[in-house]
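# Structural overview
Here are the chains, one letter per residue:
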Amino acid sequence: MKFTLSFTVVFTCVICYQIAPNIIGFDWWNILILTFAGLCIAGSANAINQAVEKDTDAQMKRTANRPVAAGRMSQTEAYTFAVIAGLVGVGMMWYFFNLSAALLS
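Residues numbered from 1 in each chain as written. Predicted model: local features only at pLDDT ≥ 70, side-chain atom pairs only at ≥ 80, totals over all residues. Heavy atoms only, no water.

## A word on the overall build of the protein chain
Formally: Numbered from the N terminus, helices here are DSSP runs of H or I no shorter than four residues, and strands are runs of E no shorter than two. The cut-offs for exposure are 20% and 50% of the maximum accessible area for each residue type, with area from a 1.4 Å probe on protein chains only; residues under the lower value are buried, those over the upper are exposed, and the others partly exposed. A 1.4 Å probe and the Shrake-Rupley method give the accessible areas. Residues count as covered only by the protein chains that appear here. The positive count covers Lys and Arg only, the negative count covers Asp and Glu only, and His and the chain ends enter neither. Where a charge sits is defined by one atom per residue type, namely NZ (Lys), CZ (Arg), CG (Asp) or CD (Glu).
The secondary structure content of the protein chain amounts to six helices and zero strands. Listing the helices and strands of the protein chain from first to last along the sequence gives α-α-α-α-α-α. Each principal axis of the C-alpha atoms in the protein chain carries an extent, and together these give about 50 × 25 × 20 Å. Counting across all 105 residues of the protein chain, residues that qualify as buried make up 32%. Taken as a whole, the protein chain presents about 7000 Å² of accessible surface, with 68% of it coming from carbon and sulfur. For the protein chain, the distance from the average position of its 6 positive side-chain charges to the average position of its 5 negative side-chain charges is 10 Å.

So, in C-alpha coordinates, the structure goes:
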(Lines give C-alpha, C1' and ligand atoms only; values in the text may rest on other atoms or scores of the structure.)
Protein backbone atom coordinates (compact mmCIF):
# COMPACT_ATOMS: atom_id res chain seq x y z
CA MET A 1 0.00 0.00 0.00
CA LYS A 2 1.32 3.43 -0.92
CA PHE A 3 0.35 5.23 2.27
CA THR A 4 1.14 8.82 1.22
CA LEU A 5 -0.90 8.57 -1.99
CA SER A 6 -3.74 6.74 -0.23
CA PHE A 7 -3.81 9.24 2.64
CA THR A 8 -3.97 12.15 0.19
CA VAL A 9 -6.96 10.58 -1.57
CA VAL A 10 -8.73 9.81 1.71
CA PHE A 11 -7.97 13.25 3.18
CA THR A 12 -9.58 14.88 0.14
CA CYS A 13 -12.62 12.64 0.53
CA VAL A 14 -12.98 13.46 4.24
CA ILE A 15 -12.70 17.20 3.58
CA CYS A 16 -15.39 17.01 0.88
CA TYR A 17 -17.56 14.97 3.26
CA GLN A 18 -17.23 17.72 5.86
CA ILE A 19 -18.00 20.65 3.58
CA ALA A 20 -21.21 19.16 2.18
CA PRO A 21 -23.65 21.94 3.09
CA ASN A 22 -26.45 21.13 5.55
CA ILE A 23 -26.29 17.40 4.88
CA ILE A 24 -24.33 16.12 7.85
CA GLY A 25 -22.97 17.47 11.09
CA PHE A 26 -19.44 17.12 12.38
CA ASP A 27 -19.13 13.56 13.66
CA TRP A 28 -15.74 12.09 14.65
CA TRP A 29 -17.05 8.54 14.40
CA ASN A 30 -18.11 8.96 10.76
CA ILE A 31 -14.82 10.69 9.96
CA LEU A 32 -12.84 7.78 11.44
CA ILE A 33 -14.97 5.21 9.62
CA LEU A 34 -14.66 7.08 6.33
CA THR A 35 -10.89 7.38 6.80
CA PHE A 36 -10.41 3.68 7.59
CA ALA A 37 -12.76 2.48 4.83
CA GLY A 38 -11.12 4.84 2.35
CA LEU A 39 -7.64 3.61 3.27
CA CYS A 40 -8.80 0.01 2.80
CA ILE A 41 -10.25 0.78 -0.62
CA ALA A 42 -7.22 2.80 -1.77
CA GLY A 43 -4.89 0.10 -0.42
CA SER A 44 -6.84 -2.51 -2.35
CA ALA A 45 -6.48 -0.53 -5.56
CA ASN A 46 -2.74 -0.07 -4.91
CA ALA A 47 -2.29 -3.80 -4.32
CA ILE A 48 -4.13 -4.68 -7.52
CA ASN A 49 -1.94 -2.23 -9.44
CA GLN A 50 1.26 -3.66 -7.99
CA ALA A 51 0.18 -7.25 -8.69
CA VAL A 52 -0.86 -6.52 -12.27
CA GLU A 53 2.19 -4.35 -13.05
CA LYS A 54 4.73 -6.68 -11.38
CA ASP A 55 6.91 -7.22 -14.45
CA THR A 56 6.83 -3.60 -15.61
CA ASP A 57 7.51 -2.31 -12.08
CA ALA A 58 10.53 -4.62 -11.79
CA GLN A 59 12.09 -3.01 -14.89
CA MET A 60 11.75 0.60 -13.75
CA LYS A 61 14.20 2.03 -11.22
CA ARG A 62 11.52 4.10 -9.44
CA THR A 63 9.18 1.12 -8.88
CA ALA A 64 11.59 -1.83 -8.73
CA ASN A 65 11.60 -1.86 -4.92
CA ARG A 66 7.84 -2.36 -4.57
CA PRO A 67 7.03 -5.55 -2.63
CA VAL A 68 5.64 -7.61 -5.51
CA ALA A 69 8.15 -6.39 -8.09
CA ALA A 70 11.06 -7.03 -5.71
CA GLY A 71 9.78 -10.52 -4.85
CA ARG A 72 9.12 -9.81 -1.15
CA MET A 73 5.43 -10.57 -1.74
CA SER A 74 3.83 -12.91 -4.26
CA GLN A 75 1.11 -11.88 -6.66
CA THR A 76 -1.27 -14.22 -4.82
CA GLU A 77 -0.56 -12.47 -1.52
CA ALA A 78 -1.11 -9.08 -3.14
CA TYR A 79 -4.42 -10.19 -4.66
CA THR A 80 -5.49 -11.72 -1.31
CA PHE A 81 -4.74 -8.45 0.48
CA ALA A 82 -6.57 -6.53 -2.25
CA VAL A 83 -9.71 -8.65 -2.00
CA ILE A 84 -9.84 -8.57 1.81
CA ALA A 85 -9.11 -4.84 2.08
CA GLY A 86 -11.54 -4.05 -0.76
CA LEU A 87 -14.35 -6.08 0.78
CA VAL A 88 -13.80 -4.55 4.23
CA GLY A 89 -13.70 -1.00 2.82
CA VAL A 90 -16.67 -1.34 0.49
CA GLY A 91 -18.65 -3.21 3.14
CA MET A 92 -18.04 -0.43 5.65
CA MET A 93 -19.08 2.20 3.12
CA TRP A 94 -22.31 0.31 2.47
CA TYR A 95 -23.09 -0.42 6.13
CA PHE A 96 -22.19 2.96 7.63
CA PHE A 97 -23.05 5.25 4.71
CA ASN A 98 -25.09 3.94 1.76
CA LEU A 99 -25.12 1.70 -1.30
CA SER A 100 -24.19 4.55 -3.65
CA ALA A 101 -20.99 5.25 -1.69
CA ALA A 102 -20.14 1.56 -1.72
CA LEU A 103 -20.76 1.22 -5.46
CA LEU A 104 -18.65 4.30 -6.23
CA SER A 105 -15.88 2.90 -4.08
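From this point on, the discussion continues.
## Concerning helix H1 (residues 3-19)
Our working rule: For a helix, the expected span equals 1.5 Å multiplied by the number of residues minus one. The arc in question is formed by the directions pointing from the helix axis toward the C-beta atoms. The contact rule is simple, with two residues in contact once any of their heavy atoms fall within 4.5 Å.
Taking 1.5 Å of rise per residue, 17 residues should cover 24 Å, and H1 covers 24 Å from first to last C-alpha, within 8% of that figure. Within the sequence span of H1, burial applies to Ser 6, Val 10, Val 14 and Tyr 17. One face of H1 carries all of its buried residues, which in axial projection span an arc of 65°. Set apart from the buried face of H1 by more than 90 degrees, the exposed residues are Thr 4 and Ile 19. Those residues of H1 that are buried are in contact with helix H2 (28-52).

## Some words on the nonpolar core
So the rule is basically this: We call a set of buried residues a nonpolar core when its members are Ala, Val, Leu, Ile, Met, Phe, Trp, Tyr or Cys and they connect through side-chain atoms within 4.5 Å of each other.
Within the largest apolar cluster, 13 residues are counted, with the highest numbers of intra-cluster contacts made by Val 10, Val 14, Leu 34, Ala 37, Met 92 and Met 93. Contacts of Val 10, omitting those with residues within four sequence positions, involve Leu 34, Thr 35, Gly 38 and Leu 39.

## Observations regarding the state of the cysteines
Any covalent bond linking the sulfur atoms of two cysteines counts as a disulfide. Spelled out, the test is: Cysteine sulfur atoms that pair up within 2.5 Å are treated as a disulfide.
This structure, assessed with the given rule, holds zero disulfides. Unpaired in terms of disulfides, Cys 13 finds its nearest cysteine sulfur in Cys 16, a separation of 7.0 Å. Free cysteine Cys 40: the closest other cysteine sulfur is in Cys 13, separated by 13 Å.

## Description of the packing of aromatic side chains
For clarity, the threshold we go by: Under the pairing criterion, centres of Phe, Tyr and Trp rings, with the six-membered ring standing for Trp, must be within 6.5 Å; the plane angle then separates stacked pairs below 30 degrees from edge-to-face pairs above 60, leaving the rest tilted.
Within this structure, the stated rule accounts for three aromatic pairs. Each ring, one from Phe 7 and one from Phe 11, has its centre 6.1 Å from the other, and the planes form 25°; the classification is stacked. Here Phe 11 and Phe 7 lie together in helix H1, a separation of four residues that amounts to about one turn. With relative accessibility at 47%, the residue Phe 11 sits in the partly exposed group.

## Description of the packing of H1 against H2
As a reminder of what qualifies: To obtain an axis, a line is fitted to C-alpha atoms, over the contacting stretch when the element is a helix, and the angle between two such axes runs from 0 to 180 degrees between their N-to-C directions. Here the word oblique covers every angle except those under 35 degrees (roughly parallel), over 145 (roughly antiparallel) and from 65 to 115 (roughly perpendicular). Crossings are assigned a handedness: left-handed for a near helix turned anticlockwise from the far helix by less than a right angle, right-handed for a clockwise turn.
Viewed as axis vectors pointing N to C, H1 and H2 meet at an angle of 140°, and their least axial separation amounts to 9 Å. It follows from the interaxial angle that H1 and H2 lie oblique. Considering only the axes of H1 and H2, their crossing is right-handed. Residues Phe 3, Leu 5, Ser 6, Phe 7, Val 10, Cys 13, Val 14, Tyr 17 and Gln 18 of H1 lie in contact with H2, whose contacting residues are Asn 30, Ile 31, Leu 34, Thr 35, Gly 38, Leu 39, Ala 42, Gly 43 and Asn 46.

## Observations concerning the confidence of the model for the protein chain
Heads up, the condition is: Summary of the metric used: pLDDT quantifies the predictor's per-residue confidence within the range 0 to 100.
In the predicted model, the protein chain carries a mean pLDDT of 89, and the fraction of residues at 70 or more is 94%. By mean pLDDT, H1 is the weakest element of the protein chain at 84, and helix H5 (residues 75-96) is the strongest at 96.

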